[in-house]
Structures are given as structure tokens and as C-alpha cells.
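Summary of structural features
Next come the chains, spelled out residue by residue.
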Amino acid sequence: MNNNKYKILVIEDEHNISSFVKTTLEANDYHVLVAATCKTGVMMFASHTPDLVILDLGLPDQDGLEFIRVVRKDSAIPIIVLSARTMESDKVEALDLGANDYVTKPFGIAELLARVRAALRTRRLGSDMLAVPGGKFTLHDLTIDYDRRQVTVGGDEIKLTQTEYNILAMLSEHTGKVLTYTAIIRFIWGSMDDGSVKKLQVNMANIRKKLGSKPGDNRYIINELGVGYRMLEE
Ligand code: CA
């Protein structure tokens with residue numbers, strides 16, 4: 001066995017799903033452990049120190065949110081929530097409790113693997129809310145030069161306001177990962193009030209327009225309705 005493999009703990013009570021996820025991840029060179037209850041998951045988390053957790057919210061003994069509450073007291077491990085629930089409020093609650101991302105059942109292999117890679121990359125970078133580093137970001141024909149705070153599309157400079165630039169830079173620092181409205185608003189404006197989400201949506205609409213995106217055209221940023229925004233990966 002390759003000892004450098006990432007270790008992933010899957011907490012899921014439906015055997016069909018856990019075995020599908022296990023097979024998929026193992027085929028992509030991850031080492032996989034499976035727990036079928038929240039309590040077993042917490043125990044295995046403590047004894048095996050995995051690199052990432054994939055967590056079902058509907059577990060037989062406790063709500064999966066309980067796992068996030070327990071583990072987040074002293075661990076920054078990436079947690080991807082796996083849920084049949086389509087309720088946006090559940091996703092937002094999990095994300096705001098500290099989950100890194102979510103996948104809604106039924107999901108495809110490519111989607112799951114993309115989320116896993118994005119979450120592990122966040123871990124390598126260290127903290128979730130790092131200051132934007134120097135260097136450049138590119139996605140298709142979009143380039144962000146962090147040192148010059150300059151954005152170009154197809155070589156043409158895009159004039160963004162300070163706030164628009166900060167939002168775009170933050171999203172680009174977390175490509176592939178959904179950021180909730182709350183997370184973006186706290187980072188950009190420091191605090192939330194009744195008008196914050198509207199203010200964010202107006203800024204996002206302006207960013208998309210300036211980047212040349214038409215409504216429904218998700219070339220750079222996906223609007224996760226009722227949850228937040230996700231910058232696409234190359
Ligand atoms: Ca379940």
C-alpha cells in the first residue's frame with residue numbers, strides 16, 4: 001500500500017452509497033474508511049486521523065450536523081456533506097457550522113471527485129480564509145493578477161470596483177468550493193445586516209456583466225441558489 005495516499009472517512013448508513021463512494025475513491029487512489037453511524041464516525045475520526053470526511057446528514061443514531069459540531073471544536077479537517085436533502089437551509093446550516101462543501105444525492109462520480117480535490121487543496125493551503133497570495137489566477141480566458149489587483153478577460157482589462165475585485169479574488173482563492181452568502185459578506189464587509197445579501201447579489205450581477213457572462217451562462221461563477229457562489233475550476 002502507498003502510505004502517501006490521502007485517507008478519507010466516509011460516514012454513511014446506506015450501504016449502496018458508501019460502497020459506491022468507497023469503490024470510486026479507491027479507484028482514484030484514495031484510502032477509504034467507512035462508518036455507518038455518527039458515533040462510530042466520531043470514534044474512527046479520533047483513532048484514524050483522516051485527511052477528509054464525507055458525511056451523510058441523515059444518520060440513524062444522530063444528525064450528521066452533530067458530527068460537525070463535535071469535530072469542529074478542535075479540527076479544521078475538510079468535511080464534505082453528502083445529503084439527500086434539497087433544502088437549502090440544511091446545506092447552509094452545515095456550511096455555517098464549518099462543513100467545507102456539499103454534494104446533493106444523487107451525485108455523479110466527476111462531481112464528487114471535484115469536490116474532494118477542491119477540499120483537499122484547501123487543506124494544503126492551510127486556513128480556509130487565507131489572505132489572497134501573490135501570483136496569478138487563470139480560468140479559461142480570465143486572468144487575475146493578485147499583485148496588481150488587475151483582472152483581464154481575453155487580454156482586455158476589466159474595470160472592477162474595490163468591492164467587486166475583493167469578491168472575485170475571494171471566490172478565485174476557493175475554486176471548486178461553494179462559499180455561503182454569510183461567509184462572503186463577513187469577509188468583504190465584516191458584518192451582516194438585512195441588506196447584505198441584496199448588496200452581494202448586486203455586486204455579483206455587476207461582476208458577471210463586466211466579465212461578459214450572460215444570464216444562465218456559467219463560464220466562471222455558478223450561483224448556488226439560496227446557498228452562495230462557486231467559482232469553477234479549470
Ligand atoms: Ca442516510
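Model, not experiment: these values are computed from the prediction.

Note: strands within a sheet are paired through backbone hydrogen bonds, in either parallel or antiparallel orientation. Spatially, the four strands line up as an open sheet ordered E6-E7-E8-E9, and their pairing is antiparallel. Strands at the two margins of the open sheet, each flanked by one partner only, are strand E6 (136-139) and strand E9 (156-158). The average undirected angle you get between the axes of adjacent strands in this sheet is 25°. Where strand E7 (residues 142-145) meets strand E8 (residues 150-153), four bridges bridge the pair, whose relative direction is antiparallel.

For the rest of this paragraph, the subject is helix H8 (residues 196-210). Taking 1.5 Å per residue, 15 residues should reach 21 Å; H8 reaches 21 Å between its end C-alpha atoms and fits that length. Of all the positions in H8, only Ser196, Leu200, Asn203, Met204, Ile207 and Arg208 are classed as buried. Viewed along the axis of H8, the buried residues span an arc of 135°, placing them on a single side of the element. Facing away from the buried side of H8, by more than 90 degrees, are the exposed residues Lys198 and Lys209. Its buried side turned inward, H8 meets helix H6 (162-172), helix H7 (181-189), strand E11 (221-224) and strand E12 (228-231). Just past H8, the residue glycine 212 takes up positive phi, approximately 85°.

What follows covers the confidence of the model for the protein chain. Overall, the prediction assigns the protein chain a mean pLDDT of 88, with 92% of residues at 70 or greater. Below pLDDT 50 for its whole length, residues 126-132 participates in twelve contacts with residues either more than four positions away or in separate chains.

Side chains of E6 alternate between two faces, with Phe137 and Leu139 buried and Lys136 and Thr138 left unburied. Strand direction decides the pairing type here: E6 and E7, joined by four bridges, are antiparallel. Looking at the pairing, threonine 138 lines up with threonine 143 of E7. Linkage of E6 to E7, two consecutive antiparallel strands, is achieved through a turn of two residues, within which histidine 140 is found at a positive phi near 50°.

The next subject is the coordination of the calcium ion. Coordination of the calcium ion by the protein is provided by Asp13 (OD), Asp56 (OD) and Gly58 (O), with metal-donor distances spanning 2.2 to 2.4 Å. With a relative accessible area of 3%, aspartate 56 lands in the buried category.

What follows is about the nonpolar core. Of all hydrophobic cores here, the largest spans 28 residues; its most connected members are Val151, Leu168, Leu171, Ile184, Leu211 and Ile221. Here this core gets six residues from one element, more than from any other, and that element is H6. Contacts of isoleucine 221, omitting those with residues within four sequence positions, involve Leu168, Leu171, Met204, Ile207, Arg208, Tyr229, Arg230 and Met231. Met44, Leu65, Leu95 and Ala99 belong to the second largest nonpolar core, which has 24 residues in total.

Turning our attention to the packing of H6 against H8. One can describe the packing of H6 onto H8 by two numbers: an axis separation of 10 Å at closest approach and a directional angle of 80°. Compared by their axis directions, H6 and H8 come out roughly perpendicular. Taking contact as the criterion, the partners of Thr163, Glu164, Ile167, Leu168 and Leu171 in H6 are, on H8, Leu200, Asn203, Met204, Asn206, Ile207 and Lys210. Residue composition of the contact of H6 with H8, grouped by class: six nonpolar, three polar and two charged.

Glancing now at the packing of aromatic side chains. Counted by the stated rule, this structure contains four aromatic pairs. Ring centres 6.5 Å apart and planes at 35° place the aromatic pair tyrosine 6 and tyrosine 30 in the tilted group. Note that tyrosine 6 is positioned in the segment before strand E1 (7-11) and tyrosine 30 in the loop between helix H1 (15-27) and strand E2 (31-35), a separation of 24 residues in sequence. For tyrosine 30, a relative accessible area of 11% translates into the label buried. Judged by centre distance (5.9 Å) and plane angle (45°), the ring pair of phenylalanine 20 and phenylalanine 107 falls under tilted. Note that phenylalanine 20 is positioned in helix H1 and phenylalanine 107 in the loop between strand E5 (101-104) and helix H5 (109-125), a separation of 87 residues in sequence.

A word on the sheet that holds strand E10 (residues 178-180). Strand order in the open sheet formed by three strands is E10-E12-E11, with antiparallel pairing between adjacent strands. The open sheet has two free edges, formed respectively by E10 and E11, since each of these has just one partner strand. Taking the axes of each pair of neighbouring strands and ignoring which way they run, one obtains an average angle of 25° across the sheet. As paired elements, E10 and E12 share three bridges and run antiparallel to each other.

Cut-offs used in this document
Residues numbered from 1 in each chain as written. Predicted model: local features only at pLDDT ≥ 70, side-chain atom pairs only at ≥ 80, totals over all residues. Heavy atoms only, no water. Pairing = 2+ DSSP bridges. Helix = DSSP H or I, 4+ residues; strand = E, 2+ residues; numbered from the N terminus. Axes fitted to C-alpha atoms, helices over the stretch in contact; angles between N-to-C directions. Expected span 1.5 Å × (residues − 1). Buried < 20%, exposed > 50% of the residue type's maximum accessible area, 1.4 Å probe, protein only. Arc of directions from axis to C-beta. Contact = heavy atoms within 4.5 Å. pLDDT = per-residue confidence, 0-100. Donors = N, O, S within 2.8 Å, 3.2 Å for Na, K, Ca; no water. Core = buried A, V, L, I, M, F, W, Y, C linked by side-chain atoms within 4.5 Å. Parallel < 35°, antiparallel > 145°, perpendicular 65-115°, else oblique. Nonpolar A, V, L, I, M, F, W, Y, C, P; charged D, E, K, R; others polar. Phe/Tyr/Trp six-rings, centres within 6.5 Å; stacked < 30°, edge-to-face > 60°.

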